[in-house]
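Spelled out from the first residue to the last, the chains are:
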Amino acid sequence: MFRLDGKVALITGAAGGLGDKIARTLHAQGAKLALTDMRAEPMEKLKAELGKDVEVFVANLSDAEAIKNLVAEVEAKFGQIDILVNNAGLTRDNLFMRMSDDEWQLVLDVNLSAGFKLARGVIRGMMKRRAGRIIGIASVVGVTGNAGQANYAASKGGMIAMNKCLAQEVASRGITVNSIAPGFIRTPMTDVLPEDVKKALLAKIPEGKLGEAQDIANVVAFLASDEAQYITGQTININGGMAMI
């Protein structure tokens, strides 16, 4: 089940831990990978490990021209893009009254506007083929909000709303558009948190543990597959019960 043989997947933020796991999982299901990030070295290592059907594209997603070129380069290399995973994201946390215009704008540019421009760039080909999958990696804070993250929460909440709109526009052409909203996922950053902070964090999660990147990657693979053809405009919350939405 959930085979993706011959499908071309463009994955943004592929140099990070979550992007890496998504890439490995889709490749294991038979997908060809177009990996993009600003950091080439981690992607090149992943390409060397996975072997065939993997290409690396370095791009700055805060640059509109770079996004346009990225789509063209991937299509020139692979012929088409069947799956878009809008995973790239960054944070610039600050209290609302102290947040600068630059902190606000950069997060919105990368986390939301880049996803809009990439989706707009790939849907023309998807519509012609009457098939496609667009998957956005949002966040639980895009649903619940979080103090000190007005920019990040706005970008992820915006992604969820944007994907619902796009889903309605392209559903008749065989394209599904969904969002995944992870809760707290175990990463190198959470590994070094003080024990009292970890304890307070885990107290908010009914399952009593952090999620794993694989938990997210598994759902990406499902939503990208033919088995998920009747699921669109949805937000899949993966948070151990922290927010039962």
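Because the structure is predicted, anything quoted here is derived from the model rather than measured.

Looking at this structure, I do not really get the sheet that holds strand β7 (residues 235-238). What am I missing?
Pairing between the strands of a sheet is mediated by backbone hydrogen bonds and can be parallel or antiparallel. A sheet is described by the order of its strands in space; here seven strands give the open sequence β3-β2-β1-β4-β5-β6-β7, paired in parallel fashion. Of all the strands in the sheet, the pair left with one neighbour each is β3 (54-58) and β7. When strand polarity is set aside, the average angle formed by the axes of neighbouring strands in this sheet is 15 degrees. Of the pairings in the sheet, the one linking strand β4 (residues 83-86) to strand β5 (residues 132-137) comprises four bridges and is parallel in character. Within β5, the position partnered with L84 by the bridge is I134. Contacting β2 (32-37) and β3, helix α2 (residues 40-50) runs over the sheet at an angle of about 175 degrees to β3.

Any chance you could explain the packing of helix α3 (residues 64-78) against helix α4 (residues 101-129) here in plain terms?
Direction vectors running N to C along α3 and α4 enclose 35 degrees, while the axes themselves pass 10 Å from each other. Once α3 is placed against α4, the crossing between them reads as right-handed. Residue-level inspection shows A64, I67, L70, V71 and E75 of α3 in contact with α4, the latter providing A114, K117, L118, G121 and V122. Of the residues belonging to the contact of α3 with α4, the class tally is seven nonpolar, one polar and two charged.

Is there a simple way to explain the pattern of salt bridges in this structure?
Per the counting criterion, the structure on display carries nine salt bridges. A salt bridge links R3 to D5; the shortest N-O distance between them is 2.8 Å. D82 serves as the salt-bridge partner of R129, at 3.8 Å between the closest nitrogen and oxygen. With a gap of 47 residues between them, R129 in helix α4 and D82 in the loop between α3 and β4 connect regions that are remote in the sequence. Using a relative accessible area of 8% as the deciding quantity, one classes D82 as buried.

Help me out: how do you make sense of the packing of helix α1 (residues 17-28) against helix α9 (residues 213-224) in this one?
With their axes 9 Å apart at the nearest point, α1 and α9 run at an angle of 45 degrees to one another. Accordingly, the angle class assigned to the pair α1 and α9 is oblique. Between α1 and α9 lies a crossing whose hand is right-handed. Together, G17, L18, K21, I22, T25 and L26 of α1 and A213, Q214, I216, A217, N218, V220 and A221 of α9 make up the contact between the two elements.

What is the right way to look at empty space enclosed by the protein in this model?
Scanning the model with the defined rule gives one cavity of 30 Å³ or more in all. Roughly 30 Å³ of volume is contained in the largest cavity. For the largest cavity, the full set of lining residues is T12, L61, N86, A88, V110, N111, A114, G115, L118 and M159. Ranked by the residues each element gives to the lining of the largest cavity, the list is headed by α4, at five residues. Of the residues belonging to the lining of the largest cavity, the class tally is six nonpolar, four polar and no charged.

Can you walk me through α4 in this structure?
Residues lying three or four places apart along an α-helix face the same way, a consequence of the helix completing one turn every 3.6 residues. Taking 1.5 Å per residue as the helical rise, α4 with its 29 residues ought to reach 42 Å, and the 41 Å between its terminal C-alpha atoms agrees with that figure. After α4 finishes, the residue R130 shows a positive phi value of roughly 55 degrees.

How should I be thinking about the environment of I185 in this particular structure?
Structurally, I185 can be placed in the loop between β6 (175-182) and α7 (188-191). Spatially, the C-alpha atoms of I185 and K209 are 9.1 Å apart, while their sequence positions differ by 24 residues. In this structure I185 touches T190, G211, E212, A213 and I216, once residues within four positions along its chain are discounted.

Looking at this model, I keep getting lost on the packing of aromatic side chains. Mind explaining?
How two aromatic rings sit relative to each other is set out by the distance from centre to centre and by the angle between their planes. Summed over all chains, the structure comprises one aromatic pair. Ring plane angle 65 degrees and centroid distance 5.2 Å describe the contact between F2 and F222, whose orientation is recorded as edge-to-face. Of the two residues, F2 sits in the segment before β1 (8-12) while F222 sits in helix α9, which places them 220 residues apart along the sequence. The exposure class of F2 is partly exposed, given its relative accessible area of 27%. Of the residues examined, F222 reaches a relative accessible area of 24% and is grouped as partly exposed.

Conventions we followed
Residues numbered from 1 in each chain as written. Predicted model: local features only at pLDDT ≥ 70, side-chain atom pairs only at ≥ 80, totals over all residues. Heavy atoms only, no water. Pairing = 2+ DSSP bridges. Helix = DSSP H or I, 4+ residues; strand = E, 2+ residues; numbered from the N terminus. Axes fitted to C-alpha atoms, helices over the stretch in contact; angles between N-to-C directions. Contact = heavy atoms within 4.5 Å. Left-handed = near helix turned anticlockwise from the far one by under 90°. Nonpolar A, V, L, I, M, F, W, Y, C, P; charged D, E, K, R; others polar. Salt bridge = Lys/Arg side-chain N within 4 Å of Asp/Glu carboxyl O. Buried < 20%, exposed > 50% of the residue type's maximum accessible area, 1.4 Å probe, protein only. Parallel < 35°, antiparallel > 145°, perpendicular 65-115°, else oblique. 1 Å grid on protein atoms, 1.4 Å probe; cavity = no way out; pocket = protein on both sides within 12 Å on 5 of 7 lines; lining within 4 Å. Points joined across faces, edges and corners; volume = space filled by probe spheres on them. Expected span 1.5 Å × (residues − 1). Phe/Tyr/Trp six-rings, centres within 6.5 Å; stacked < 30°, edge-to-face > 60°.

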